[in-house]
Amino acid sequence: GDVKLGTVTVVLPAPEPEPEPEPGPMDAFIDVPVSVHNRGTDKALCTLHNSGDSAYKGNQEQVIQFDYYGNSTQNWRFEPVGDGLFRIINTFDNRALCTLHNSDDSGYAGNMEEVILYDYYGNSTQHWAVVPVDGGFAILNAHDGRALCTENLVSSPNYKGNQEPMILYDFEEGDLTMVWDLELQ
């Protein structure tokens, strides 16, 4: 605005507009259905039982990988919870990706901790950092920074392919079972 000083008018320059923030690597994937594909196996993150299976447990349903075929149990929403973290919600029944044991549970295993679905209640084991790596993303649990990955390496004789369980493990550079690609659905 203008400021009058006696009989002199001083015209002040308009403030510079704030620059638009650069889009982040996750911006296109926030609050929309996405499928989550393991880079090392090309299989999709999903639940053990699909939406039409009467054995589906809801809370404590095991999270596995399986060939993508479009079932709602294979689609997820990344919802911001603050501090750059997300809750990852299954689109079938709106339950959150989390660990079998929460952060207060002495049974929490750290490495090899099983990943399940559970009603969202805000525990740090239900929050995830999604970090760009190798052209995809590492999905790291906010409780201790361990990475979402397959229980067994593809080269292991114990690797199951379809129905391979998901666990947490210390992130290892170059292990493609710890790298995930996101696809809009």
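Everything that follows concerns the structure shown earlier in this document.
Residues numbered from 1 in each chain as written. Predicted model: local features only at pLDDT ≥ 70, side-chain atom pairs only at ≥ 80, totals over all residues. Heavy atoms only, no water.

This part is about the state of the cysteines. The tally for this structure, following the rule as stated, stands at zero disulfides. Of the cysteine sulfurs around Cys46, a residue in no disulfide, the closest is that of Cys149, at 16 Å. Among the residues examined, Cys46 registers a relative accessible area of 4% and is labelled buried. By relative accessible area, Cys149 is classed as buried at 2%. (Disulfide = S-S within 2.5 Å. Buried < 20%, exposed > 50% of the residue type's maximum accessible area, 1.4 Å probe, protein only.)

For the structure on display, the rule yields nine salt bridges. Here Asp93 and Arg95 are joined by a salt bridge, their closest N and O atoms 2.5 Å apart. Residue classification places Arg95 among the buried residues on the basis of a relative accessible area of 18%. The salt bridge involving Asp144 is made with Arg146; its shortest N-O contact spans 2.5 Å. Asp144 sits in the partly exposed class, given a relative accessible area of 29%. When salt bridges that share partners are traced, they join Arg77, Glu79 and Arg87 into one network. (Salt bridge = Lys/Arg side-chain N within 4 Å of Asp/Glu carboxyl O.)

Here the focus is unusual backbone geometry. Its identity is not glycine, yet Asn94 carries a phi of approximately 60°, on the positive side. On the basis of relative accessibility, which here comes to 45%, the residue Asn94 falls in the partly exposed class. Positioned with a positive phi, Gln163 is a non-glycine residue whose angle comes to about 75°. Mapping Gln163 onto the fold places it in the loop between strand 12 (147-150) and strand 13 (166-169). Overall, the relative accessible area of 41% leaves Gln163 in the partly exposed class. (Helix = DSSP H or I, 4+ residues; strand = E, 2+ residues; numbered from the N terminus.)

Before going further, it helps to examine the packing of aromatic side chains. Applying the stated criterion across every chain yields a total of five aromatic pairs. Pairing Phe29 with Phe137 gives two aromatic rings, centres 6.3 Å apart and planes at 80°, and the pair type is edge-to-face. Here the residue Phe29 occupies a position in the loop between strand 2 (8-11) and strand 3 (34-38), and Phe137 occupies one in strand 11 (residues 136-141), the gap between them amounting to 108 residues. With respect to class, Phe29 is no different from Phe137; both count as buried. Geometrically, the ring pair formed by Phe66 and Tyr69 is edge-to-face, given 6.0 Å between the ring centres and 75° between the ring planes. Residue classification places Phe66 among the partly exposed residues on the basis of a relative accessible area of 26%. Lying across the ring of Tyr120, Arg87 places its NZ or CZ 4.4 Å from the centre. (Phe/Tyr/Trp six-rings, centres within 6.5 Å; stacked < 30°, edge-to-face > 60°. Lys NZ or Arg CZ within 6 Å of the ring centre and 35° of its normal.)

Another aspect to go through is the pairing of strand 4 (residues 44-47). Working note: regular strand, side chains alternate between the two faces of the sheet. Burial along strand 4 is two-sided: Ala44 and Cys46 and Leu45 and Thr47, pointing in opposite directions, are all buried. As paired elements, strand 4 and strand 5 (residues 63-66) share four bridges and run antiparallel to each other. Paired with Ala44 across the bridge in strand 5 is Phe66. (Pairing = 2+ DSSP bridges.)

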